[in-house]
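Residue-level structure breakdown
Listed below are the residues making up each chain.
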Amino acid sequence: QVQLVESGGGLVQAGGSLRLSCAASRRTNSIYRMGWFRRAPGKEREFVAAINWSDGNTYYKDSVKGRFTISRDNAKSTVYLQMNSLKPEDTAVYYCAAARGGPYSLTYDYWGQGTQVTVSS
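Let me begin by describing the structure that accompanies this report. These numbers come from a predicted model, not from an experiment.

Concerning unusual backbone geometry
One non-glycine residue, S77, adopts positive backbone phi at about 50°. Examined against the element boundaries, S77 turns out to sit in the loop between β7 (68-73) and β8 (78-83). Taking relative accessible area as the criterion, S77 reaches 11% and is therefore assigned buried. Although it is not a glycine, S85 sits at a positive phi angle of roughly 50°. Inspection of the secondary structure assignment puts S85 in the loop between β8 and β9 (92-102).

What follows is the structure, given as structure tokens:
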């Protein structure tokens, strides 16, 4: 089973930056897409960004476009989320997830434990 471990969260002032990392176990052959999700207190989990493992195509939530960048390092089996111009509304627990399947049938089967991002005003 694929295991995911997030890191890089912390406390930052509005306008600052953080870089989240998600390291996957060596069993990554079945992964089609990796994504970042977040859940703020009292709110449902929402999609933030995703990247296809093989071709590198990226997808973003509208509110983070131009501020967040998702990338991958295939050799390290790691995905990153560079977050710039952070806003208080970005405060949430951020989760890394891995999906199997393909563009027409995709399921996020594996999830990390989450890392807290807090943006102060």
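Picking up where we left off.
Things to note about the pairing of β8
With 5 of 6 residues buried, β8 lies mostly within the body of the structure. The sheet contact formed by strand β3 (residues 18-24) and β8 spans 6 bridges and is antiparallel. Across the sheet, S21 pairs through a bridge with Y80, a residue of β8. Sheet topology places β7 next to β8; 6 bridges connect them, and they run antiparallel. In the sheet register, F68 faces β8, and the bridge partner there is M83. Between β7 and β8, which pair antiparallel and follow one another directly, the connecting turn spans 4 residues, one of which, S77, has a positive phi of 50°.

Quick word on the sheet that holds β8
Taken together, 4 strands build an open sheet; the order of strands is β1-β3-β8-β7 and the sheet is antiparallel. At either end of the open sheet lies a strand with only one pairing partner, and these are β1 (4-7) and β7. With strand direction ignored, the average angle separating the axes of adjacent strands in the sheet is 15°.

Describing the pattern of salt bridges
Counted under the stated rule, the structure contains 6 salt bridges. With its nearest N and O atoms 3.3 Å apart, the salt bridge here joins K61 to E46. Highlighted residues: K61 in the loop between β6 (58-60) and β7 and E46 in strand β5 (residues 46-52), separated in sequence by 15 residues. Given the relative accessible area of 25%, K61 is considered partly exposed. R100 is paired through a salt bridge with D109; the nearest N and O atoms lie 2.6 Å apart. Judged by relative accessible area, which is 29%, D109 ranks as partly exposed. Via salt bridges that share partners, R38, E46, K61, R67 and D90 belong to a single interconnected network.

A few points about the packing of aromatic side chains
According to the stated counting rule, one finds 4 aromatic pairs in the structure shown. Ring geometry for F37 versus F47: centroids 5.7 Å apart, planes at 75°, classification edge-to-face. Taken together, the positions of F37 in strand β4 (residues 33-39) and F47 in strand β5 put the pair 10 residues apart, joining distant regions of the chain. Since its relative accessible area comes to 10%, F37 is described here as buried. Ring centres 5.0 Å apart and planes at 85° place the aromatic pair F37 and Y108 in the edge-to-face group.

Here is what the cut-offs are and how they apply
- Residues numbered from 1 in each chain as written.
- Predicted model: local features only at pLDDT ≥ 70, side-chain atom pairs only at ≥ 80, totals over all residues.
- Heavy atoms only, no water.
- Helix = DSSP H or I, 4+ residues; strand = E, 2+ residues; numbered from the N terminus.
- Buried < 20%, exposed > 50% of the residue type's maximum accessible area, 1.4 Å probe, protein only.
- Pairing = 2+ DSSP bridges.
- Axes fitted to C-alpha atoms, helices over the stretch in contact; angles between N-to-C directions.
- Salt bridge = Lys/Arg side-chain N within 4 Å of Asp/Glu carboxyl O.
- Phe/Tyr/Trp six-rings, centres within 6.5 Å; stacked < 30°, edge-to-face > 60°.

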